[in-house]
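Spelled out from the first residue to the last, the chains are:
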Amino acid sequence: MPIPDSGPAPGPPSHRAVLDEVGPRLKRLRARRGLTLAALSETTGISKSTLSRLESGLRRPSLELLLPLAAAYRVPLDELVGAPEVGDPRVRLTPRSLPGGGTVVPLSSTPGPLQAYKMLVPARPGEPELRTHEGYEWLYVLHGRLRLVLADHDLLLGPGEAAEFDTRVPHWFSGADGHPAEVLSLFGRQGERMHVRARPQHARSGDA
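Here is a short report on the structure shown in this document. In this text, all values refer to a predicted model and were calculated from it rather than measured experimentally.

**Some details on the overall build of the protein**
The helix and strand tally for the protein stands at six helices and nine strands. Looking at the protein as a whole, 34% of its 208 residues qualify as buried. Taking as baseline every contact in the protein between residues at least 6 positions apart, the subset at least 24 positions apart corresponds to 65%. Surface exposure of the protein reaches about 12700 Å², of which carbon and sulfur atoms provide 54%.

**Quick notes on helix α5 (residues 63-73)**
Of all the residues in α5, the buried ones are Leu65, Leu66, Leu69, Ala70 and Tyr73. Looking straight down α5, one finds its buried side chains confined to an arc of 125°; they lie on one side. Exposed and facing more than 90 degrees away from the buried side of α5 are Leu63, Glu64 and Ala71. Each element contacted by the buried residues of α5 is listed here: α2 (22-33), α3 (37-44), α4 (48-56) and α6 (77-81). Positioned one or two residues after α5, Arg74 has a phi angle of 60°, which is positive.

**Regarding the sheet that holds strand β5 (residues 146-150)**
Taking strand neighbours across the sheet as the criterion, the three strands line up as β6-β5-β8 in an open arrangement whose pairing is antiparallel. Taken across any chain shown, the strands that pair with only one partner, and hence form the sheet edges, are β6 (153-157) and β8 (171-175). Neighbouring strand axes in the sheet, compared pairwise and without regard to direction, differ in orientation by 15° on average. Two strands pair when backbone bridges link them, and β5 and β8 are joined in this way by five bridges, in the antiparallel orientation. By the bridge assignment, Leu146 is partnered in β8 with Gly175.

**Some remarks on the packing of α3 against α5**
Two numbers describe how α3 lies on α5: the axes approach to 9 Å, and their chain directions differ by 105°. Between α3 and α5, the crossing angle belongs to the class labelled roughly perpendicular. Contacts between α3 and α5 involve Leu40, Thr43 and Thr44 from the former and Pro68, Leu69, Ala72 and Tyr73 from the latter. Taken together, the residues that form the contact of α3 with α5 break down as five nonpolar, two polar and no charged.

**A few points about the nonpolar core**
With 19 residues, the main nonpolar core has Met119, Leu139, Leu146, Leu148, Phe173 and Val183 as its most contacted residues. Breaking this core down by element, the ones donating at least two residues are β3 (114-121), β4 (136-143), β5, β6, β7 (162-166) and β9 (181-188).

Definitions and cut-offs
Residues numbered from 1 in each chain as written. Predicted model: local features only at pLDDT ≥ 70, side-chain atom pairs only at ≥ 80, totals over all residues. Heavy atoms only, no water. Helix = DSSP H or I, 4+ residues; strand = E, 2+ residues; numbered from the N terminus. Buried < 20%, exposed > 50% of the residue type's maximum accessible area, 1.4 Å probe, protein only. Contact = heavy atoms within 4.5 Å. Areas by Shrake-Rupley, 256 points an atom, 1.4 Å probe, with all protein chains shown as cover. Arc of directions from axis to C-beta. Pairing = 2+ DSSP bridges. Axes fitted to C-alpha atoms, helices over the stretch in contact; angles between N-to-C directions. Parallel < 35°, antiparallel > 145°, perpendicular 65-115°, else oblique. Nonpolar A, V, L, I, M, F, W, Y, C, P; charged D, E, K, R; others polar. Core = buried A, V, L, I, M, F, W, Y, C linked by side-chain atoms within 4.5 Å.

Spelled out as structure tokens, the structure:
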């Protein structure tokens, strides 16, 4: 099932962009300390020409160069490199309504080929209305029971059971027994061959 898109989130800076900022950062740091290239060269043992090329971006930074500079400036190495800060890893859980009823809570905070969701799938009365769309989906039942109709398969999944399938195959799912089902979903845009890991509904007729 395609999930309503909340729009792209800004990603972290690329490695190249981070490295490109090292030279200007070193130059600003030396200026704030009031050091000449000659004085810095004498302290670090790095030649003036190498320091100049490093600050101008003509020389890529390496640990061999950055470690003595960090020691001379008495700053952590990651301050010289400008490594991105580790942000708050918690995801803001913002429930959204599903087009066919029910609730979805995105569990992924950054864009990518695979997204995670927690869904509350209502019991949908009437005949199944099978749909298709691009993608690949993995469903895991947390609570309740989920009826999954997948082409000619009519399946009933209980807690701890999972199904994965190419969403270009006609499919439909609903909470079973008149009750909603709580489901964990992993959804990818790339369609793949179907793999189903659940027993057919008629094989579960003896289940409570």
